[in-house]
Amino acid sequence: MSNINVTLPYGREEIAVAIPQQNLIGVYSPKDVAPVANLTQEIIRCLENPIDSKPLRQLVQGAKNVVIIADDNTRLTPTDKIIPVLLDEMNAAGIKDEQITIIIALGTHRFMTEEEIEIKFGKAVVERVTIKNHDFKNPEALISLGTTANGTNILVNKEAYEADFKIGVGSIVPHHIPGFAGGAKIVQPGISGEKTTAETHLLSVRAPRSYLGIEDNPVRQELNMIADKINMHTIFNTVLNRHGEVVGAFFGDTKTAFNAGVKLSRDVYATEIPEAADIVISSSHPCDLEFWQAHKTLYPSDLAVKAGGTIIIATPCYEGIAVTHGEMADMTCHSSQQLRTMVDNGEVHDEVAAALAIAWAQVKEREAVYFVSGGIQNEDVSKLGFTPFATVQQAFDAAMARHGSAARVTVLTHAPDMLPIVPGNR
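The structure displayed is predicted, hence computed values, not measured ones.

What counts, and where the lines are drawn
- Residues numbered from 1 in each chain as written.
- Predicted model: local features only at pLDDT ≥ 70, side-chain atom pairs only at ≥ 80, totals over all residues.
- Heavy atoms only, no water.
- Domains from an automatic or database assignment.
- Contact = heavy atoms within 4.5 Å.
- Buried area = accessible area lost by both parts, 1.4 Å probe.
- Salt bridge = Lys/Arg side-chain N within 4 Å of Asp/Glu carboxyl O.
- Polar contact = N/O pair within 3.5 Å; in protein donor to acceptor, adjacent residues only side chain to side chain.
- Nonpolar A, V, L, I, M, F, W, Y, C, P; charged D, E, K, R; others polar.
- Helix = DSSP H or I, 4+ residues; strand = E, 2+ residues; numbered from the N terminus.
- Buried < 20%, exposed > 50% of the residue type's maximum accessible area, 1.4 Å probe, protein only.
- Core = buried A, V, L, I, M, F, W, Y, C linked by side-chain atoms within 4.5 Å.
- Phe/Tyr/Trp six-rings, centres within 6.5 Å; stacked < 30°, edge-to-face > 60°.
- Lys NZ or Arg CZ within 6 Å of the ring centre and 35° of its normal.

Trainee: What is the right way to read the domain arrangement of the protein from this model?
Mentor: A common way to report how large an interface is uses the accessible area buried once the components associate. The domain architecture assigned to the protein consists of domain 1 (3-30 + 273-421) and domain 2 (39-268). Between the C-alpha centres of domain 1 and domain 2 there is a distance of 28 Å. In this complex, domain 1 contributes 33 residues to the contact, which on the side of domain 2 involves 27 residues. For the pair domain 1 and domain 2, the summed buried area comes to about 2,600 Å², and 62% of that belongs to carbon and sulfur atoms. Put simply, domain 1 and domain 2 have two salt bridges between them. Across the salt bridge formed by Arg 110 and Glu 319, the nearest N and O atoms sit 2.9 Å from each other. At the boundary of domain 1 with domain 2, the tally comes to 11 residue pairs in polar contact (both at pLDDT 80 or more). Counted by class, the side of domain 1 that touches domain 2 contains 17 nonpolar, seven polar and nine charged residues.

Trainee: Just to check I follow, could you spell out the side chain of His 414 for this structure?
Mentor: Tracing the chain through its elements places His 414 in the loop between strand E19 (409-412) and strand E20 (419-421). Since its relative accessible area comes to 10%, His 414 is described here as buried. A polar side-chain atom of His 414 sits 2.7 Å from a polar atom in the side chain of Thr 413. With residues near it in sequence (within four places) discarded, His 414 still touches Pro 9, Ser 29, Pro 30, Arg 242, Ser 283 and His 285.

Trainee: How do you make sense of the nonpolar core when you look at a structure like this?
Mentor: One broad trend across soluble globular proteins is that nonpolar side chains are buried collectively. By size, the foremost hydrophobic cluster in this structure holds 92 residues, and its most contacted members are Val 187, Phe 291, Leu 298 and Trp 360. Here this core spans two domains, and each of domain 1 (3-30 + 273-421) and domain 2 (39-268) adds at least three residues to it. Apart from the residues lying within four places of it in its own chain, the contact partners of Val 187 are Val 156, Ser 192, Ile 226, Ala 227, Ile 230 and Met 232. Ranked by size, the runner-up nonpolar core spans 33 residues in total, among them Ile 68, Met 90, Ile 117 and Val 169.

Trainee: How should the packing of aromatic side chains be read in this particular structure?
Mentor: We describe a pair of aromatic rings using the distance from one ring centre to the other and the angle between the two ring planes. In the structure shown here, the tally under the stated rule is five aromatic pairs. On the numbers, 4.9 Å between centres and 70° between planes, the contact of Phe 291 with Trp 360 is edge-to-face. Of the two residues, Phe 291 sits in helix H10 (residues 291-294) while Trp 360 sits in helix H14 (residues 351-364), which places them 69 residues apart along the sequence. Note on Phe 291 and Phe 371: the rings are 5.3 Å apart at their centroids and 75° apart in plane angle, and the pair reads as edge-to-face. Residue Phe 291 is located in helix H10, and its partner Phe 371 is located in strand E17 (residues 368-372); the two are separated by 80 residues in the primary sequence. Each of the two residues, Phe 291 as well as Phe 371, counts as buried. Taken together, the aromatic side chains of Phe 291, Trp 360, Phe 371 and Phe 386 make up a single cluster linked through ring pairs. Here the guanidinium or amino end of Arg 12 rests over the ring plane of Tyr 318, the centre of that ring lying 4.1 Å away. The ring of Phe 258 carries Arg 220 above its face, with NZ or CZ at 4.0 Å from the centroid.

Here is the structure:
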């Protein structure tokens, strides 16, 4: 019986697992698409060819204050390359750097440090314009704009709302809540209040399975409504390959430019797999910082595995479970239905965390989850409802013992950024 040694990214390192050749369905990654030849030229091309919009110079002309809403260091968007070009375009339209503010679309993530901000945005940008973390817990930093047609309370960053012109900068990648990240997601949850984020996240788990890869769904419609409410003018979205390199850029109307980018994103991240596996081994790369990000590994794995199968997650989680959601591990012992009842009865303080706990429970109720992480103690892994293992090899051997010598195995090397297409498994 010959084995294949499969290497997986594990944060800043790599780990390996030996898999019998006859059991392996395949090792899958986002497509290795070549990046654009010249990123600056691609950014300029994108700005000169807006989608369903006027060029940036025309749009921004006459604005007294401008807000750039940009994603944080949990995303690979090359903001340090994009934003200088945006600033130059705005300068050419008569907008001075001191009229421009960057608000980091943290959602409910922790604040970025000054060092992280300089790495993410570049020293030149830090020296040119004011950069602020979005403070989702501060009522004074938010403004209430009523509710959506579906009843979602709209609480958003007040400074962004009051800006004469705003543009969102991020990337389009498959995402379990709105189908794909990008577009209006830079507003919700990016610069929204905790209550708004809780309500859209809870909307996403009304369905029995995640919306991963489903372009039009109730959550995306809600995000678009919220972006409309703040008069979100435009987006600049990139599509990246698995190395974080730009393969295409899209600028223009928040909805139509996003929809155009989704087509390319699907080409990069959708992966056809011939059959559902008994065992799926998945790396959380590039979402390695904490499990609040690494949990995205669950949903592509769920699409690639059979009901009753085993998912093995390998994730470093350098900062533990969730820096800004300390109650997370205390609620994950409950079933998805118990959690819904607790939310309905007002028994949960952190409803954003409850929504993700429901999403995790839905996966655990279909499959077993084995967990390998140097950043989360075994006791806490067990609280999450997962089975801890010291190595991926040990987890795999245990899964083979569970499913038998004929078990079929799939490996996802960059699971959070993947969209498995498996016959009969949606």
